[in-house]
Structure formats: C-alpha cells, structure tokens
Amino acid sequence: MNATPATTKTDAETEPKTDAEAETEATSTTGGATAETAPEATKTPDAQDSEKAGLEDGLDEAGEADDADELDDEPAPRPAFGTGAAAVVASALGAVSLSGTWMGKTLSERATLIGQIKTSQTGTAAQQIQEIYGNSWHTTALVNGVFALLALVVGAVVLARPAFGTPGRAEQPVWVKAVALAGVVLGVIGLLISAGMYLDLFAALPSTKG
C-alpha cells in the first residue's frame, strides 16, 4: 500500500488575504514599532540635556585649568634674602663708622709714624703737632667717613629697590625697611661726625702759643 503524505492545508492558510486584512496587519505592525520606539523618542531630550550639561562642565573645568595655569605662570614673589642682608650690612657699616675700625686705627698709627720720621731732626713744635697728631686725627676721620658713606649708599639702595623692581612683586618686609633706614640714619650721623673731626670743628689742634 502506498501512503500519501498529508499535505492538505486549511482554508484559512491557503486562501489569499484580502486588502483590508493586509492593511490591518500593516497598521498593527507599524503601531507596535511606534509603541516600541516611543519611549526612546521621549528619552532623547533628557539625553541631549545630559550631554549639554556634560559639555558645560567640561568647559568650566577647562576654564578653571586655564586660570590655574595663568596663576602658575605669574612670577612668585622672591624672598627678601638679598635686600635683608644688604639692610643689615648698611646698619653695621653705620655703626662702625661711629665706633671706629681696625683699618682706621692702623692708618692712623701709620700717619703718626710718618710724622715722627719727618720731624725727627729739623721739625718745629708746630710741625710736630701737625704731622704727628693732626694727620693721625684726620686719617681716622677720613676712614670713618668712608664707612659712613658706604652705609648711607647701601641703605638708600635697599629703600629705593622696590621703585626699580619688577611690577607685581611683593613689597619688602617691614623689618628690612626698618634696618635699612637705621643704616641710612647712622651713615648720615657718621658723615657729620667725620666731617667735624676732619675740619677740626669739635676740637682744634693743640697750639704752642701760651
């Protein structure tokens, strides 16, 4: 016996679909796709807002980074080591111009020795006073005056340094200005005293006249 396979189909499967049924089917398919994509469409503005916020944050961070770079590029104020040391030197020079130095003492003794040699045989009393005592006194005054002048110059340079420095630098500390000013004042006083000694204003040379 030969068995024939069951190849029969139902009428619904074999009958061709009408135009109305095809349109209904397409409409349902399109509606489903629209329903599926609708949430994605509603999410699009939020995604755009988040992207804009991210871009704005990135721009703000970039601006802050540029500002930080500009601040880093600005020259930092240098420590007042040099001006402070110069101020101390000026004050020390002014002090020694008032008290005297070993250099002044040595040169004074040398002037005394030279005067003794010159007037050892034929010098009169007035010449001995001038060569031995007067020259020694004037030499001491001259050396002290040089130290006083140095104190005045160094102190004045320290005080005037900010006016000729780089704009935007930090101002000098108060103690630097105070010490430099002290050096200037001591230098002025030392110059006045030295000038008085050299010109015999404080005390005249001894005289042999009664």
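Quick caveat, the model's predicted, so the values are computed rather than measured.

Trainee: I tried to follow the overall build of the protein on my own but got confused; where do I start?
Mentor: The helix and strand inventory of the protein stands at 6 helices and 0 strands. Going through the 210 residues of the protein one by one, you find that 18% of them count as buried. A separation threshold of at least 6 residues defines the contact pool for the protein, and within that pool the share at least 24 residues apart is 81%. Here the protein displays about 15,400 Å² of accessible surface, and carbon together with sulfur accounts for 62% of that area.

Trainee: Would you mind going over the packing of aromatic side chains with me for this structure?
Mentor: The geometry of an aromatic ring pair is captured by the separation of the ring centres together with the interplanar angle, meaning the angle of the planes. All told, the structure shown has 1 aromatic pair when counted by the stated rule. Their ring planes at 20° and their centres at 6.4 Å tell us that Tyr 133 and Trp 137 sit as a pair that is stacked. With Tyr 133 and Trp 137 both in helix H5 (residues 125-160) and 4 residues apart, this pair spans about one turn of that helix.

Trainee: How should the packing of helix H3 (residues 81-99) against H5 be read in this particular structure?
Mentor: How two helices sit against one another is set out by the angle between their axes and by the gap between those axes. The contact between H3 and H5 brings their axes to 8 Å, and the two run at 155°. Looking at the two axes, H3 sits roughly antiparallel to H5. Judged by the twist between their axes, the crossing of H3 over H5 is left-handed. Of the residues in H5, those touching H3 at Thr 83, Ala 86, Ala 87, Ala 90, Leu 93, Gly 94, Val 96 and Ser 97 are Asn 144, Phe 147, Ala 148, Leu 150, Ala 151, Val 154, Gly 155 and Val 158. Here the residues of the contact of H3 with H5 are counted per class, giving 11 nonpolar, 5 polar and no charged.

Trainee: Any chance you could explain helix H6 (residues 174-198) here in plain terms?
Mentor: Side chains of residues three or four places apart in an α-helix project in the same direction, reflecting 3.6 residues per turn. Taking 1.5 Å as the rise per residue, H6 with 25 residues should run 36 Å; its terminal C-alpha atoms sit 36 Å apart, in good agreement. Residues of H6 that are buried include every one of Val 176, Ala 180, Gly 183, Val 184, Gly 187, Gly 190, Ser 194, Gly 196 and Met 197, and no others. Contacts made by the buried residues of H6 are with H3 and H5. A positive backbone phi angle near 60° is found at Asp 200, which sits one or two residues after H6.

Trainee: Is there a simple way to explain the side chain of His 138 in this structure?
Mentor: Here His 138 is to be found in helix H5. Sequence-distant contacts of His 138, defined by excluding residues within four places in its chain, comprise Gln 130, Met 197, Tyr 198 and Asp 200.

Trainee: Looking at this structure, how should I read the side chain of Ser 136?
Mentor: Within the secondary structure, Ser 136 is located in helix H5. On the accessibility criterion, Ser 136 (9% relative accessible area) is buried. Non-local contacts of Ser 136, meaning those with residues more than four positions away in its chain, are made with Ser 108, Ala 111 and Thr 112.

Trainee: For this particular structure, what's the right way to read H3?
Mentor: Taking 1.5 Å of rise per residue, 19 residues should cover 27 Å, and H3 covers 27 Å from first to last C-alpha, within 8% of that figure. Buried within H3 we find Thr 83, Gly 84, Ala 87, Ala 90, Leu 93, Gly 94 and Ser 97. In the core, the buried residues of H3 are packed alongside H5 and H6.

Trainee: Looking at this structure, I do not really get the packing of H5 against H6. What am I missing?
Mentor: Contact geometry of H5 with H6 gives a least axis separation of 7 Å together with a crossing angle of 155°. The pairing of H5 with H6 is recorded here as roughly antiparallel in orientation. The two elements H5 and H6 cross, and the hand of that crossing is left-handed.

Trainee: Would you mind showing me how to read unusual backbone geometry here?
Mentor: With the exception of glycine, the majority of residues adopt a negative phi angle, and the majority of peptide bonds are in the trans configuration. Backbone geometry places Asp 200, a non-glycine residue, at a positive phi of 60°. Residue class for Asp 200 comes out partly exposed when judged on its relative accessible area of 23%.

Trainee: Where do I start with the confidence of the model for the protein in this structure?
Mentor: As a general rule, the predicted coordinates of low-pLDDT regions are not to be interpreted in detail. The predicted model of the protein has a mean per-residue pLDDT of 73, with 59% of residues at 70 or higher. At the level of individual helices and strands, the protein shows its lowest average pLDDT in helix H1 (residues 11-14), which scores 45, and its highest in H6, which scores 94. Segment residues 30-43: pLDDT under 50, and 0 contacts once partners within four positions in sequence are set aside and those in other chains are kept. Segment residues 68-76 is flagged for pLDDT under 50; beyond a separation of four residues in sequence, or across chains, it makes 2 contacts in the model.

Trainee: Honestly, the environment of Tyr 133 in this entry has me stumped. Any pointers?
Mentor: Here Tyr 133 falls in the partly exposed class, since its relative accessible area comes to 42%. Separated by 24 residues in the primary sequence, Tyr 133 and Glu 109 have C-alpha atoms spaced 9.9 Å apart. Each residue touching Tyr 133, except ones within four places of it in the same chain, is listed here: Gln 128, Leu 205 and Pro 206.

So, how was this worked out
Residues numbered from 1 in each chain as written. Predicted model: local features only at pLDDT ≥ 70, side-chain atom pairs only at ≥ 80, totals over all residues. Heavy atoms only, no water. Helix = DSSP H or I, 4+ residues; strand = E, 2+ residues; numbered from the N terminus. Buried < 20%, exposed > 50% of the residue type's maximum accessible area, 1.4 Å probe, protein only. Contact = heavy atoms within 4.5 Å. Areas by Shrake-Rupley, 256 points an atom, 1.4 Å probe, with all protein chains shown as cover. Phe/Tyr/Trp six-rings, centres within 6.5 Å; stacked < 30°, edge-to-face > 60°. Axes fitted to C-alpha atoms, helices over the stretch in contact; angles between N-to-C directions. Parallel < 35°, antiparallel > 145°, perpendicular 65-115°, else oblique. Left-handed = near helix turned anticlockwise from the far one by under 90°. Nonpolar A, V, L, I, M, F, W, Y, C, P; charged D, E, K, R; others polar. Expected span 1.5 Å × (residues − 1). pLDDT = per-residue confidence, 0-100.

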